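As a plain string of letters, each chain reads:
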Amino acid sequence: MRTEEQRDPDPAPAGTPPRSLAEALRTRDDTSLSTLLRIRPDLITPVPTDLTQLATRAATRASVVRALERLDRFALQTAEALAVASDPATYDELMGLMAGDDRDPAVTAAFPHALATLREQALVWGTDDRLRLVRTARELLAPAAQHPSPTGLGPTVAEATAGMSPGRIQEIVAACGLPTTHDSVSAVASLTALFTDRKRMPALLDTAPAESLEVLSRLVWGPPYGQVTADPARHLRWLIDRALLLPTAPGTVVLPREVALHLRAGRAHRETDPVAPALEQARTHRPQMVDTTAAGQAYTALATVEELLKDWHEGGPSVLRAGGLSVRDLKRTAVALDVAEPVAAFWVELAYAAGLLATDGEADERYAATPGYDEWLELPSGERWALLASAWLAATRTAGLVGGRDAKDRTLSALGPGLDRSAAPEVRHRVLTLLAGLPEGSSAVPDSVIARLHWERPPRGPRTAAGDDLRGRLARWTLSEAELLGVTGRGALSAQGRALLGLPPAPAHDTASGSGSGSVGASAGRGAGAGARLPVHRHHRAAAEPAAPLPRTPAERAAASAQAARILGPLLPEPLDHVLLQADLTAVAPGPLERPLAESLGVLADVESKGGATVYRFTPGSVRRALDAGRSASDLHAFLTAHSRTPVPQPLSYLIDDVARRHGHLRIGAASAYVRCDDDALLNEILADKRSQGLRLRRLAPTVLAAQADPAALLEGLRSMGFAPAAESAEGDVLITRAHAHRTPPRSAPEPVPDGPPVPDATLLGAAIRAIRAGDLASTSPRKGARADLPGTGELPRTGSAETLATMQAAVMTGGTVWIGYVNAEGAASQRVIAPIRVEGGFVTAYDHTADEVRTYPLHRVTGVAELADDQR
């Protein structure tokens, strides 16, 4: 059975109040319907056939719960107040519940916007003298024995006395000093009138014992239920006898709603929040300093991701059987990156979200860089950063959850399942947009950001601490991750961060303002220190802020990413083509190096320290590594001479020559394995060394030793003894050894988990509204041959082929409009309103009001036709 909101009664005469939600929707224009479908996109999936079906869908429990969860705190409080008001309620009654008897001016100013929001989202319908909350919302928000009302109010007098005997009701009426009545209905109405009378009710309470008033004060703000014994105390009996407490079950009493509202001075809520809390400004920096700091963080982000994937160049850690990275591998990665484990988890998840890292899909599955990583390396630095930042902004995977527990008490691991949180992109975007609303160069107090988010989307359920709910934790993670990534600098939104959001650039900096005050001027800088509160406009949507939406289409996202890359590019340091060689066998890179130089130097030397400048250390092992890679001593000398701004130190030249002289003197090949050398004295030295016993060497010839170890073990063993052997091929040529780059097959970045249906674009909205309007016209318009007092039934018409053809031909001649039932090639049935233009060859060509275009339909797929009445064309 349809509820009152969904029922579609006879069309009401023009100017009369709507009698159902469907009728209320029918009075809306296309702009209002577009707004509704954009705010509640679940209503358009799939497109409703008419406005009655749209109203039915808007009143379903799942859709209403979703809509209520997305209301701000004051709009939700307004809905909660309407749930405890009379049904229907008047505008003044609802205003009184929100603003109280004293009519709080802040609440009075914000109330019209909150009510308009509820109407806009089809949660409230009706005129100001007959406001109705959608029935499902009333069931969710109204007081009930199973769940308390958010207002803390209990049932009305009429509801609480529903099962009470008529005699007992008359006794209560007499105890209150009211005249007895002949029936219970009038007696309950008399009690209700007394409890809602602001003049008579104080007189009744003035006669109450002090202990009775104390009981009422404990129940007035909820919960309204209390426990009593079978023989209540005298002060409780006084309240029960006058219906100021009413029994609901054996041993349980409740404070009636009307009594509580009188004691609350008419307020439905103890505290109302008509204005969004202001952001508290923490510090203000010069905008140039913010952008420079953020650019430095962006460069560090690029270097960290590159170092991570370079560390996994030949294949990274194994994948756990349940998926993800083991705790031990995460610790090892954190040590390699020189960061804390939560930060290491963030970088790993970021590389995965950007499509630079994936599993290789082998039997012994491991993590490795993707082919996209090699393409990413070739991009300019600004574009590489923009790709990372865009992936972070849109990702639903949440690195902050790593190390926590899931619903089954299993540990959540990096790169593992269970890390997706669909609210993450929206929270990230909202936090950054709030920062964009601050004066340029200003950072916000984190707790004030969380308080603002909680007002805009109140958390469900109790919280143990401020910001301990999911949205609060997401906000804190957003602030720290944005700083790590370079979207913010010193807590303030950077220029590239604004561009990434699709926001217009900030006004030009005022460089003449006082030092340290940034663009807000010296006086503003002094007043905007830690804890300073920004001014707030006293209306429902407080604090001016950018209202640009998150770029949604691929073209919008690409444009925002490209603009961020263009802004960041000039701020990043230019790669250097030189190093500074020092006499202590080190080289200092005073900045980022060009990629070929960095790769060659990484083979020739070991990184000793990183920071603003990178220090490389030359060792016999590192020089031998370069020689193994196919470089000769002369190549190494030429390389260092070409790329050093200082002369090549003599100790470094000696080191290269000494290692090169010994490199390849011994040759290792595969027999099982053998060692050959032109110097038999050197082979004698190896045989005499006790450390060679594990290799089980024996002489085959004056210049050849045989070993029972494999070539790789023999090569490593001799190197550990201080020799510099070289591997050779079966033809006797020296083998050049280079690190093998392990890559996964082509992989795409993980798709974010959507937070409900996607927001429809303008094209889809326009087509959907045309279809709904046409379907509604068909279902509500009277048709020829039907009684004039009966509207369309909404059922699919059924006519024979001859009657269908005749009706179509008649409509062509008269220019009439008809309603048809149509089944497409896939078997999907639909209803359409068309104006036939011509009928020939088994097809009808007509203007389709549903699609707003001319279409051709096969007549054999038309299930029925009905001509609309003349006044409906």
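Fair warning: this is a prediction, and the values are worked out from it, not measured in the lab. (Residues numbered from 1 in each chain as written. Predicted model: local features only at pLDDT ≥ 70, side-chain atom pairs only at ≥ 80, totals over all residues. Heavy atoms only, no water.)

## Remarks on the overall build of the chain
Item 1. Across its full length, the chain carries 34 helices and 26 strands.
Item 2. Out of the 873 residues in the chain, the part that is buried amounts to 47%.
Item 3. When contacts within the chain are restricted to residue pairs at least 6 apart in sequence, long-range pairs at least 24 apart make up 66% of them.
Item 4. Carbon and sulfur atoms make up 54% of the accessible area of the chain, which amounts to about 41,000 Å² in all. (Helix = DSSP H or I, 4+ residues; strand = E, 2+ residues; numbered from the N terminus. Buried < 20%, exposed > 50% of the residue type's maximum accessible area, 1.4 Å probe, protein only. Contact = heavy atoms within 4.5 Å. Areas by Shrake-Rupley, 256 points an atom, 1.4 Å probe, with all protein chains shown as cover.)

## Re the environment of Val431
Item 1. With respect to the helices and strands, Val431 occurs in helix α21 (residues 424–436).
Item 2. Take Val431: its relative accessible area is 0%, and that puts it in the buried class.
Item 3. Val431 sits 45 residues away from Arg476 along the chain, and the two C-alpha atoms are 9.3 Å apart.
Item 4. With near-sequence residues (within four places) excluded, Val431 lies in contact with Val449, Leu453, Ala475, Thr478 and Leu479.

## Concerning the sheet that holds strand β22 (residues 818–823)
Sheet strands line up and pair through hydrogen bonds in the backbone, either parallel or antiparallel.
Item 1. Pairing is antiparallel across the open sheet formed by five strands, whose spatial order is β25-β24-β23-β22-β26. Here the strands that pair on one side only, and so sit at the sheet edges, are β25 (853–858) and β26 (862–867). Strand after strand, the sheet turns through a mean of 45° between neighbouring axes, direction not considered.
Item 2. When β22 meets strand β23 (residues 829–840), the two strands line up antiparallel, connected through six bridges. (Pairing = 2+ DSSP bridges. Axes fitted to C-alpha atoms, helices over the stretch in contact; angles between N-to-C directions.)

## Points about the packing of aromatic side chains
Item 1. On inspection of all chains with the given rule, the structure shows five aromatic pairs.
Item 2. When the ring of Tyr822 is compared with that of Tyr857, the centres are 4.8 Å apart and the planes differ by 70°; the resulting orientation is edge-to-face. Of this pair, Tyr822 sits in strand β22 while Tyr857 sits in strand β25; the two residues are 35 residues apart in sequence, bridging distant segments of the chain.
Item 3. On the basis of relative accessible area, Tyr857 is assigned to the buried category, the value being 3%. (Phe/Tyr/Trp six-rings, centres within 6.5 Å; stacked < 30°, edge-to-face > 60°.)

## Let's talk about the confidence of the model for the chain
Where the model shows low pLDDT, its predicted coordinates should not be examined in detail.
Item 1. Residue-level pLDDT values for the chain average 83, and 86% of them are 70 or greater.
Item 2. In this model, residues 509–549 is a region of pLDDT below 50 whose contacts with residues beyond four sequence positions or in other chains number 88 contacts.
Item 3. Confidence over residues 785–794 falls short of pLDDT 50; this stretch has 14 contacts with residues more than four positions distant or in other chains. (pLDDT = per-residue confidence, 0-100.)

## Observations concerning the sheet that holds strand β3 (residues 225–227)
Item 1. One open sheet holds the three strands; their spatial order is β3-β5-β4, and the pairing between them is antiparallel. Of all strands in the sheet, those with a lone pairing partner are β3 and β4 (246–249), marking the two edges. Averaged over all pairs of adjacent strands, the angle between their axes in this sheet comes to 40°, without regard to strand direction.
Item 2. Sheet topology note: the β3/strand β5 (residues 252–254) ladder contains three bridges and is antiparallel.

## Here we look at the side chain of Arg471
Item 1. Relative to the assigned elements, Arg471 resides in helix α23 (residues 470–485).
Item 2. Once you skip the residues sitting within four places of it in the chain, Arg471 turns out to touch Glu426, Val427, Leu453 and Arg457.

## So, the pattern of salt bridges
Item 1. All chains considered together, the criterion is met by 33 salt bridges.
Item 2. Measuring nitrogen to oxygen at the nearest pair gives 3.2 Å for the salt bridge that ties Asp409 to Arg405.
Item 3. Each of the salt bridges in this network shares a partner with another, and the network as a whole consists of Arg168, Glu171, Arg237 and Asp241. (Salt bridge = Lys/Arg side-chain N within 4 Å of Asp/Glu carboxyl O.)

## Observations regarding the packing of helix α28 (residues 620–628) against helix α30 (residues 650–662)
Item 1. With their axes 10 Å apart at the nearest point, α28 and α30 run at an angle of 60° to one another. Considering their axes alone, α28 and α30 lie oblique with respect to each other. Of the two elements, α28 crosses α30, and the hand of that crossing is right-handed. Where α28 abuts α30, its residues Pro620, Val623, Arg624 and Leu627 lie against Leu655, Ile656, Val659 and Ala660. (Parallel < 35°, antiparallel > 145°, perpendicular 65-115°, else oblique. Left-handed = near helix turned anticlockwise from the far one by under 90°.)

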